[in-house]
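# Overview (structure and organization)
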Amino acid sequence: AQSVTQLGSHVSVSEGALVLLRCNYSSSVPPYLFWYVQYPNQGLQLLLKYTTGATLVKGINGFEAEFKKSETSFHLTKPSAHMSDAAEYFCAVSDGRGSTLGRLYFGRGTQLTVWP
Amino acid sequence: DTGVSQNPRHKITKRGQNVTFRCDPISEHNRLYWYRQTLGQGPEFLTYFQNEAQLEKSRLLSDRFSAERPKGSFSTLEIQRTEQGDSAMYLCASSPGQPSTDTQYFGPGTRLTVL
């Protein structure tokens, strides 16, 4: 069965500092992995996704994530935080390759605070 | 492409009342998902439609919950005899193609408060 663990429900960084949000997954099949961001009173917006191919995935707003199979991790990073990055971030894994369902299994989320 | 829309955005109801939410997916997206998000948690899968067919239901979806997508376009989620534990954000998402790899586009959600 698929599951996601996000380490750290709250992360605080200064503007311009490195952002690192951690995600570990469990999957019985080769995983498809996603990061979504949720701003207050808005729906979830896809930042990036990994399906196959290159393990370093670049997304919107300068974010990237690296799929590490040996560590079952998909951590999200951004070299320099901006005030507008303050939001809640969710890591998710899907049913995986060959599935006809495609439901997402989400972690509990990490609230990112950016200090000026 | 106006995105996924959900109505109402907020609903306050008394315990025991019935409520219905609507989701309008992105046009021509044939896959539609419902999720529920409670405070401090990530979204949890409720049910999935491919066109008008409901193909999967989570165990979270008790007999008081019913979802429809009558013409393969918009969908409704009804909760009968609401309970305080039903208070949550109900999210709808749609996607166009291959289920596991396609991006799911989420609506803004309907926040339900049961008094």
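Everything in this summary refers to the structure shown in the same document. Just so it is clear, the model here is predicted, and its values are computed rather than measured.

## Digging into the pattern of salt bridges
- Per the stated rule, a full pass over the model turns up six salt bridges over all chains.
- Close ionic contact of A:Arg103 with B:Glu56 constitutes a salt bridge, the shortest N to O distance being 3.6 Å. One end of the pair, A:Arg103, is in the loop between strand S9 (87–94) and strand S10 (104–106); the other, B:Glu56, is in strand S6 (residues 53–57), on a second chain.
- For A:Arg103, a relative accessible area of 19% puts it in the buried group.
- Residue classification places B:Glu56 among the partly exposed positions, given a relative accessible area of 27%.
- In this structure, B:Asp24 engages B:Arg22 in a salt bridge whose closest nitrogen and oxygen atoms are separated by 2.7 Å.

## Overview of the state of the cysteines
Residue and element names in this part refer to chain A.
- With the rule as written, the count across this model stands at two disulfides over all chains.
- Cys-23 shares a disulfide with Cys-91; S-S distance 1.9 Å. Its S-S torsion of approximately -60° makes the covalent link between Cys-23 and Cys-91 left-handed. Of the two residues, Cys-23 is situated in strand S3 (residues 19–26) and Cys-91 in strand S9; the sequence distance between them amounts to 68 residues.
- By relative accessible area, which is 0% here, Cys-91 ends up buried.

## A word on the interface of chain B and chain A
- Listed per partner, the contact involves 22 residues of chain B and 24 residues of chain A.
- Here chain B packs against chain A, burying approximately 1,800 Å² in sum over the two surfaces, 52% of which is carbon and sulfur.
- Put simply, chain B and chain A have one salt bridge between them.
- Summed over the shared surface of chain B and chain A, the number is four residue pairs in polar contact (both at pLDDT 80 or more).
- Within the residue set of the side of chain B that touches chain A, elements represented by two or more residues are strand S4 (31–37) and strand S5 (44–50) of chain B.
- In terms of residue count, the dominant contributor to the side of chain B that touches chain A is S4(B) (three residues).
- Taken together, the residues of the side of chain B that touches chain A sort by class into nine nonpolar, 10 polar and three charged.

## Notes on the packing of aromatic side chains
Residues and elements named next belong to chain A.
- Within the structure shown, the criterion is met by 14 aromatic pairs over all chains.
- Measuring from centroid to centroid gives 6.0 Å for Tyr-36 and Phe-106, while their planes differ by 55°, and the two rings are tilted. One end of the pair, Tyr-36, is in strand S4 (residues 33–38); the other, Phe-106, is in strand S10, with 70 residues separating them in the sequence.
- Looking at Tyr-36, the relative accessible area reads 0%, which means it is buried.

## Observations concerning the nonpolar core
- If you look at the biggest cluster of nonpolar residues, it comprises 27 residues, and the most contacted ones within it are A:Trp35, A:Leu47, A:Leu48, A:Phe74, A:Leu76 and A:Tyr89.
- Going through the elements one at a time, strand S2 (10–14), S3, S4, strand S5 (44–50), strand S7 (64–68), strand S8 (73–78), S9 and strand S11 (110–115) of chain A are the ones with two or more residues in this core.
- Leave out the neighbours within four places in its chain, and A:Leu47 touches A:Trp35, A:Tyr36, A:Val37, A:Gly59, A:Ile60, A:Asn61, A:Phe63, A:Leu76 and A:Tyr89.
- In this structure, B:Ile79, B:Tyr90, B:Leu112 and B:Val114 belong to the second largest nonpolar core, which totals 19 residues.

Conventions we followed
Residues numbered from 1 in each chain as written. Chains lettered and ligands numbered in written order. Predicted model: local features only at pLDDT ≥ 70, side-chain atom pairs only at ≥ 80, totals over all residues. Heavy atoms only, no water. Salt bridge = Lys/Arg side-chain N within 4 Å of Asp/Glu carboxyl O. Helix = DSSP H or I, 4+ residues; strand = E, 2+ residues; numbered from the N terminus. Buried < 20%, exposed > 50% of the residue type's maximum accessible area, 1.4 Å probe, protein only. Disulfide = S-S within 2.5 Å. Contact = heavy atoms within 4.5 Å. Buried area = accessible area lost by both parts, 1.4 Å probe. Polar contact = N/O pair within 3.5 Å; in protein donor to acceptor, adjacent residues only side chain to side chain. Nonpolar A, V, L, I, M, F, W, Y, C, P; charged D, E, K, R; others polar. Phe/Tyr/Trp six-rings, centres within 6.5 Å; stacked < 30°, edge-to-face > 60°. Core = buried A, V, L, I, M, F, W, Y, C linked by side-chain atoms within 4.5 Å.

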